[in-house]
Each structure stands twice: as C-alpha cells, then as structure tokens.
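# Summary of the model geometry
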Amino acid sequence: MQVDTQTPAQAIDLSTRTTRRKRNRQLRISLLFMAPAFLVIAVFMLGPAIWSVYVSLTNMALTGVGADTPQFVGFDNFAHIFRDGEFFNAFRVSLTYLIFSALIGQAGLGLLLALLMRRRNVVFKSVLGAIIVAAWVIPDVVAGFVWSAFLAGGPQSVLDPGLLNTIFSTFGLPKHAWIQEYPMTMVIIANIWRGTAFSMLLYASALESIPQELLEASAIDGASNWTTLRYIIIPLIRGAIGTDLLLITLATLSDFTLVYVLTAGSNANTELMTIYQYRQAFQFYQIGYGSAIALLIIAAGAILSLIYTRILRVDL
C-alpha cells in the first residue's frame, strides 16, 4: 500500500499551479474569440488614427506639390494653426456652441425633463418621451432641413415664410430672417432640440436607481425640492452626469452636419472647428493641415473629459 507523503505546502503549491494553468487556458480561449474584434479595431480604428497622425506631419494636399510628392514637415502644420486667426475664431465659436447647446442646454434640459417625468403617469411619460426621442432618432441632414423650413423667410426673402414667421405674422409681429440675423442662437437651439433626448434618457435611468426611501425621508424631514436635488439626487447620479457630459461634449465637438445644412458653412459666426477643418482639407485641398486640425479637436475633447472627471471626481 502506497502512502501519500505530500506535505501541506506541496499540496498548496500543486493546487496553485493547477489553478494558474486553468486561468491561462481560459485566457488563451478568450483571446482567441476576441481576436476578430481586435483585428477589426486595428484595421478600421487604429489604422486610420495612425495614418492621420502621419498625414498631419506632412504637406499632403490634393493639388500642387503636396499631391505629387508629399514631404515630411514635422510640426509646421501645428505651428501654423496657432498663428491662424481663423482657427481661433472657429475655436471660440465651437466653445460657445459647446457651452450653451450641450453643457447648459442638453444636460440641463435633459435633467429637468427627467425629473419632471419621474412621478408622472405612464401616458404622460410615453407621449412626452416619444416627442423628445423623435427629434433624436432622425438623421442630422433631415433635422437640418426641418429647421431650415421652420426658420425660412424674412422681410426680403424670396422663400415662403416658415412656421415661425407664420406664427409671428399671425400675431402681428415682424418677420425675421432668423438664420441670417441670429445664426449662433438658431444653431444652438436646433442642437438642443436635436440632442436633449440622450441626456434625458440617461438621467431618467440614473434617477430610477435612487432608493425611494431616501427621497421619502428627505420629504419627512422637511427638505425643499432644491435641497433634495442638491444634496441627495445630484450626488447619487454624479456618475451619470459625468458620463453624459463626456459623451455630449465629444458629440458636440464633432458636430458638423446640422450646422452646415443650416448655414452652408458660409458664416464666420457659426464656423465650428469641424467646418473649418472641412474647408481646409476639401475646399482648399490642404489634407495635412486639415488632419492637424482634426487631431487638435480630438485633443480638446480629451482635455475636457479629464476636466469633467476631475471636477466631478468620478471614474468613467
């Protein structure tokens, strides 16, 4: 009869090695199944990103010397950007557009709508939710033409009056060429209308996770609605706020279609950085310069994301 002389330390070591082998085997199997996804990401995301960085360091163009034999120019494109007054105008416009249409408009209105819908009946929530979400799901091009039709007309316009001017004339008020007279205000309102649904849905989901007992205890203690919002609701949904600000900031910084359809990209007061980059790359054919601007837009989004996480102290 053979007696097992294995010591407890040896048994533990054997068990540890067996567990490690199992984990390594599971890891290899997991990597095997994830390999197609990694390949797609490498080809369609990392590949273009690396190529854009390379192009931004060249004088590549669609015409002239840069089209025939692109040359490596280092950081000349970036140096030129920081001497370009038109870029700084586009940066100012983009920052204004971001603050008022996304951070104040979409995030603020989205939270307000989510709070208003929280204790309403199913019919009210369904109708209001459907109206708001409908503006979110339609394509940007369609949204742009809808707002163009809504704001059409004016004192000297050859176009038929849009709905807004028709309402004004019904009440004896003067008509306006809204997009020409108030371009920045109109594109901000249009973007708020377009994107508020996302913030509303995100906040509505976060509000559902708040224990009802906390709100009931707050009401029993005599806390006002503002006190409850400030000291209970907002701290508990801080993660959702950070996620919302991050996503709508990136979406707004990359916004192009809605504003371009409304203004045709011809108004310096509404020329976002994306529109300026498009003009440089595809109207003036400076692909290298346009790529450098695109990288700065990405960098701006990354910096703002870090600021949000720092201020809100959340892990996204």
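Residues numbered from 1 in each chain as written. Predicted model: local features only at pLDDT ≥ 70, side-chain atom pairs only at ≥ 80, totals over all residues. Heavy atoms only, no water.

In the annotation of an unreviewed UniProt entry, the entry for the protein chain reads Amino acid ABC transporter permease, and the organism field reads Dictyobacter formicarum. The heading Subcellular location (unreviewed entry) in the UniProt record of the protein chain holds the text "Cell membrane". Taken from UniProt, the Sequence similarities (unreviewed entry) comment for the protein chain reads in full: "Belongs to the binding-protein-dependent transport system permease family." (UniProt positions renumbered as here; feature names shortened; annotations may be inferred.)

Further remarks concern helix α12 (residues 238-253). Look at α12: 22 Å from first C-alpha to last across 16 residues, which is about the 22 Å you get at 1.5 Å a residue. Within α12, the full set of buried residues consists of A240, I241, G242, D244, L245, L246, I248, T249, T252 and L253. Of the surrounding secondary structure, the elements contacted by the buried residues of α12 are α4 (85-117), α9 (183-208), α11 (225-236), α14 (273-283) and α15 (287-312). (Helix = DSSP H or I, 4+ residues; strand = E, 2+ residues; numbered from the N terminus. Expected span 1.5 Å × (residues − 1). Buried < 20%, exposed > 50% of the residue type's maximum accessible area, 1.4 Å probe, protein only. Contact = heavy atoms within 4.5 Å.)

Its location among the elements puts R194 in helix α9. By relative accessible area, which is 12% here, R194 ends up buried. A polar side-chain atom of R194 sits 2.7 Å from the main-chain carbonyl oxygen of I138. Among the polar contacts listed, one links the side chain of R194 to the side chain of D140, at a separation of 2.7 Å. (Polar contact = N/O pair within 3.5 Å; in protein donor to acceptor, adjacent residues only side chain to side chain.)

Of note in this structure, Y285 is not a glycine but carries a positive phi near 65°. Along the chain, Y285 turns up in the loop between α14 and α15.

Per the UniProt record, "transmembrane region" (unreviewed entry) is annotated on residues 29-54, 95-116, 128-150, 245-264 and 284-308. Helix makes up 91% of residues 128-150 and strand 0%, and the two end C-alpha atoms of the span are 21 Å apart.

Time to look at the layout of surface pockets. Taken as a whole, the largest pocket spans an internal volume of roughly 370 Å³. Broken down by secondary-structure element, the contributors of at least two residues to the lining of the largest pocket are α4, α10 (212-220) and α11. Top contributing element to the lining of the largest pocket by residue count: α11, with four residues. Along the lines of polarity and charge, the residues of the lining of the largest pocket split into eight nonpolar, four polar and three charged. (1 Å grid on protein atoms, 1.4 Å probe; cavity = no way out; pocket = protein on both sides within 12 Å on 5 of 7 lines; lining within 4 Å. Points joined across faces, edges and corners; volume = space filled by probe spheres on them. Nonpolar A, V, L, I, M, F, W, Y, C, P; charged D, E, K, R; others polar.)

With respect to the helices and strands, N77 occurs in helix α3 (residues 76-81). The exposure class assigned to N77 is buried, which follows from its relative accessible area of 11%. Polar side-chain contacts of N77 include one of 2.8 Å to the backbone oxygen of S56. Apart from the residues lying within four places of it in its own chain, the contact partners of N77 are V55, S56, L57, T58, G288, Y289 and A292.

With respect to the helices, strands and loops of the structure, I248 is situated in helix α12. Along the primary structure I248 and V93 are separated by 155 residues, whereas in three dimensions their C-alpha atoms are 17 Å apart. Setting aside chain neighbours within four positions, we find I248 in contact with A102, Q106, A107, F198 and S199.

Now for the pattern of salt bridges. Taken as a whole and judged by the stated rule, the model has three salt bridges. For the salt bridge of R279 with E86, the shortest nitrogen-to-oxygen distance reads 3.3 Å. In this pair, R279 sits in helix α14 while E86 sits in helix α4, placing the two residues 193 residues apart along the sequence. E86 sits in the partly exposed class, given a relative accessible area of 42%. One salt bridge connects E271 with R279, and the closest N-O pair in it is separated by 2.4 Å. (Salt bridge = Lys/Arg side-chain N within 4 Å of Asp/Glu carboxyl O.)

This brings us to the packing of aromatic side chains. According to the stated counting rule, one finds 13 aromatic pairs in the structure shown. Relative to F88, the ring of F87 has its centre 5.7 Å away and its plane inclined at 75°; by these criteria the two rings are edge-to-face. On the basis of relative accessible area, F87 is assigned to the buried category, the value being 4%. Classification of F88 as partly exposed rests on a relative accessible area of 40%. Summarising the aromatic geometry, the rings of Y278 and F282 are spaced 5.7 Å apart at their centres and angled 40° between planes, so their arrangement reads as tilted. A residue pair is termed a helical-turn pair when its members lie 3 or 4 positions apart in one helix, as Y278 and F282 do in helix α14 at four residues. On the basis of relative accessible area, Y278 is assigned to the partly exposed category, the value being 27%. Ring-pair connections join several aromatic residues into one group, and the members of that group are F256, Y260, Y278 and F282. (Phe/Tyr/Trp six-rings, centres within 6.5 Å; stacked < 30°, edge-to-face > 60°.)

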